[in-house]
Amino acid sequence: WNSLGTSVVEKNTFLNLGSEQRAGAMDLGFYTHTWDCFINHYLAYFWSSFHDDLLVAIETLGWNEAMWSGQVNLVPPSENKIWIDLTPEERAAATRLCYFKEIWDEEPIPRWYDYEAGMNTVVTTGGPVPQDIDLEIFEITGYAGKAPGDVGTVVYTATGAEVEEKESSSSYRLVSLSALAFVLPMGAFLFV
């Protein structure tokens, strides 16, 4: 499993995974938001599911409801661009959908993930936002520039037989990057 997006399990939302696959994903530290963002990139969502910053991101990348739902056989121009050719606004939108350059450009995992060290070698959660990403597209929704816990709508996290309510926030998005460190070396577990 050297390329993200190549397995059928990645086409499902967290809640649509089989019980064994979901349990395996939870063992790796995933929950609804981290799976749906970093693994599925919201591709299995219905248009009506998009709100706030997700809708801004999808529309900034050029999608509309007819394209997203397959009513027309078109994709926006951003889908055919490599990361460097995306506008700063498109990069911000892609970032909100949990893409970074290496995933967007479909680079094989071993190029950007150090299996021995158990870490992503290109994305860090510290430091300033890169200058080539324009987060101002989210000014109205409040996605960027607010304290963790002040952004987003309530999401539910399944933990075994319990359901836990959490605030969706940028802190969960940053922690989500750490989740990739766990899934990549153990990804084969999900395909059993």
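Residues numbered from 1 in each chain as written. Predicted model: local features only at pLDDT ≥ 70, side-chain atom pairs only at ≥ 80, totals over all residues. Heavy atoms only, no water.

(A) Examining the overall build of the protein chain more closely. Per the secondary structure count, the protein chain includes eight helices and four strands. Secondary structure of the protein chain in N-to-C order comes out as α-α-α-α-α-α-α-β-β-β-β-α. Evaluated residue by residue, the protein chain yields a buried proportion of 39% over its 192 residues. Once local pairs closer than 6 in sequence are excluded, the contacts in the protein chain between residues at least 24 apart make up 53%. Counting every atom, the protein chain has about 10500 Å² of accessible surface; 54% of that belongs to carbon and sulfur. (Helix = DSSP H or I, 4+ residues; strand = E, 2+ residues; numbered from the N terminus. Buried < 20%, exposed > 50% of the residue type's maximum accessible area, 1.4 Å probe, protein only. Contact = heavy atoms within 4.5 Å. Areas by Shrake-Rupley, 256 points an atom, 1.4 Å probe, with all protein chains shown as cover.)

(B) Structural context of the state of the cysteines. With the rule as written, the count across this model stands at one disulfide. Disulfide pairing is shown between cysteine 37 and cysteine 98; the S-S distance is 1.7 Å. Torsion about the S-S bond of the cysteine 37 and cysteine 98 cystine: about 95°, corresponding to right-handed handedness. Note that cysteine 37 is positioned in helix H2 (residues 32-39) and cysteine 98 in the loop between helix H5 (88-96) and helix H6 (101-104), a separation of 61 residues in sequence. Using a relative accessible area of 4% as the deciding quantity, one classes cysteine 98 as buried. (Disulfide = S-S within 2.5 Å.)

(C) Spotlight on H2. Most of H2 is tucked away: eight of the eight residues are buried. Taken from the residues just after H2, histidine 41 is the one with a positive phi, measuring 55°.

(D) Main features of the environment of valine 122. Along the polypeptide, valine 122 turns up in the loop between strand S2 (119-120) and strand S3 (154-159). The sequence separation of valine 122 and phenylalanine 100 amounts to 22 residues, and the corresponding C-alpha distance is 8.9 Å. Setting aside its immediate chain neighbours within four residues, valine 122 contacts Phe100, Glu102 and Trp112.

(E) How the structure looks around the confidence of the model for the protein chain. In the predicted model, the protein chain carries a mean pLDDT of 77, and the fraction of residues at 70 or more is 72%. Across the protein chain, element-level confidence peaks in helix H4 (residues 65-68) with a mean pLDDT of 96 and bottoms out in helix H8 (residues 170-186) with 38. Here residues 145-149 scores under 50 on pLDDT; set against residues more than four positions off or in separate chains, the count is seven contacts. Confidence over residues 151-192 falls short of pLDDT 50; this stretch has 91 contacts with residues more than four positions distant or in other chains. (pLDDT = per-residue confidence, 0-100.)

(F) Representation of the pattern of salt bridges. In total, this model carries five salt bridges according to the counting rule given. As a salt-bridge pair, aspartate 132 and arginine 91 come within 3.6 Å of each other at their nearest N and O atoms. In this pair, aspartate 132 sits in the loop between S2 and S3 while arginine 91 sits in helix H5, placing the two residues 41 residues apart along the sequence. A relative accessible area of 32% places aspartate 132 in the partly exposed class. One connected set of salt bridges, linked through shared partners, spans Lys101, Asp105 and Glu107. (Salt bridge = Lys/Arg side-chain N within 4 Å of Asp/Glu carboxyl O.)

(G) Examining the packing of helix H3 (residues 52-60) against H5 more closely. As a packed pair, H3 and H5 sit with axes 8 Å apart at the nearest point and diverge in direction by 130°. In terms of orientation, H3 and H5 fall into the oblique class. Like other packed secondary-structure pairs, H3 and H5 cross with a definite hand, here left-handed. From H3, Asp53, Leu54, Ala57 and Thr60 reach across to H5, where they touch Glu89, Glu90, Ala93 and Arg96. (Axes fitted to C-alpha atoms, helices over the stretch in contact; angles between N-to-C directions. Parallel < 35°, antiparallel > 145°, perpendicular 65-115°, else oblique. Left-handed = near helix turned anticlockwise from the far one by under 90°.)

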